[in-house]
Amino acid sequence: MKKGVSFLVTVALMALASSLASASDPSPLQDTCVAIAEPENAVFVNGKFCKNPNLTMAEDFFYSGLDKPGNISNPVGSAVTPVNVAQIAGLNTLGISAVRIDYAP
């Protein structure tokens, strides 16, 4: 009986302690940091060099390749279309990426 109570107290304390933990960044360094290939007059924050925020365009946050099926005529019978900062420059420092996976029928 004593072991059960001790176990419940331990679990309750761990649950309380984990509910107070916060693993987010409350104040990011910048809202956006559009990646740029040539680092002339650019700022390096984290990941790749950042474009001047005044020069960002809507195209920096758009990728039109996820709606197109990949080539599945290979021995594996699948294709992976990655989308990360190399395809969408606006994803730099956001920690976001996506993929489209196509399988052969």
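Rules used throughout
- Counting restarts for each chain, with residues numbered from 1 along the sequence as it is written.
- The predicted origin of the model limits local features to residues at a pLDDT of at least 70 and limits the giving and counting of side-chain atom pairs to 80 or more, whereas totals for whole chains, interfaces and linings rest on all residues.
- Computation of side-chain values covers all heavy atoms of the structure but excludes hydrogens and water.
- Counting from the N terminus, the helices are DSSP H or I runs at least four residues long and the strands are E runs at least two residues long.
- For every residue, the accessible area obtained with a 1.4 Å probe (protein chains only) is divided by the maximum for its type, and the residue is called buried under 20%, exposed over 50%, and partly exposed between those limits.
- Contacts between residues were defined by any pair of non-hydrogen atoms, one from each residue, lying within 4.5 Å.
- Here the open area of atoms and residues is found with the Shrake-Rupley method and a 1.4 Å probe, where only the protein chains shown may cover a residue.
- Polar contacts, as used here, are pairs of N or O atoms within 3.5 Å; protein pairs need one atom able to donate a hydrogen and one able to accept it. Residues neighboring in sequence count only if both atoms are side-chain atoms.
- Candidates for patches are residues over 30% relative accessible area with no salt bridge; among them, like charges are joined within 9 Å and nonpolar side chains (Val, Leu, Ile, Met, Phe, Trp, Tyr) within 5 Å.
- Salt bridges, as used here, are contacts in which a Lys or Arg side-chain nitrogen is within 4 Å of a carboxyl oxygen on Asp or Glu.
- Every residue carries a pLDDT, the predictor's confidence in it, which falls somewhere between 0 and 100.

Asks: Explain the overall build of the protein chain to me, please; I cannot follow it from the model alone.
Replies: In terms of regular secondary structure, the protein chain is built from one helix and four strands. Secondary structure elements of the protein chain occur, N-terminal to C-terminal, as α-β-β-β-β. Relative to its 105 residues, the protein chain shows a buried fraction of 17%. At a minimum sequence separation of 6, the contacts of the protein chain that also span at least 24 residues come to 48%. Carbon and sulfur atoms provide 63% of the accessible area of the protein chain, an area that totals close to 8,300 Å².

Asks: In this structure, what is going on with the side chain of D60? I would like to understand it.
Replies: Its place among the elements puts D60 in the loop between β2 (48-50) and β3 (78-83). Look at D60 and you get buried, because its relative accessible area is 9%. There is a polar contact of 2.9 Å between the side chain of D60 and the backbone nitrogen of M57. Setting aside its immediate chain neighbours within four residues, D60 contacts V34, K51, L55, I88, A89 and G90.

Asks: Even after reading the chapter, I still don't get a nonpolar patch on the surface, so can you show me in this structure?
Replies: A surface patch of nonpolar side chains, amounting to about 370 Å² of accessible area, comprises V5, V9, L13 and L16. Following the sequence through the fold, V5 ends up in helix α1 (residues 2-20).

Asks: Which parts of the structure should I look at to understand the confidence of the model for the protein chain?
Replies: As a general rule, the predicted coordinates of low-pLDDT regions are not to be interpreted in detail. For the protein chain, the average pLDDT comes to 82, and 81% of its residues sit at 70 or higher. No element of the protein chain has a lower mean pLDDT than strand β1 (residues 43-46), which averages 67, and none a higher one than β3, which averages 93.

Asks: Quick question: what am I supposed to make of the side chain of T81 here?
Replies: With respect to the helices and strands, the residue T81 is situated in strand β3. What makes T81 buried here is its relative accessible area of 14%. Excluding anything up to four places from it in sequence, T81 contacts Y63, G65, L66, A98, V99 and R100.

Asks: For this particular structure, what's the right way to read the pattern of salt bridges?
Replies: Side chains bearing opposite charge may pair, as long as their charged atoms lie close to each other. The full count for this structure, using the stated rule, is three salt bridges. The closest approach of N and O atoms between D67 and K68, which form a salt bridge, is 3.5 Å. Judged by its relative accessible area of 58%, D67 falls in the exposed class. Overall, K68 belongs to the partly exposed group, its relative accessible area being 47%. D102 serves as the salt-bridge partner of R100, at 2.8 Å between the closest nitrogen and oxygen.

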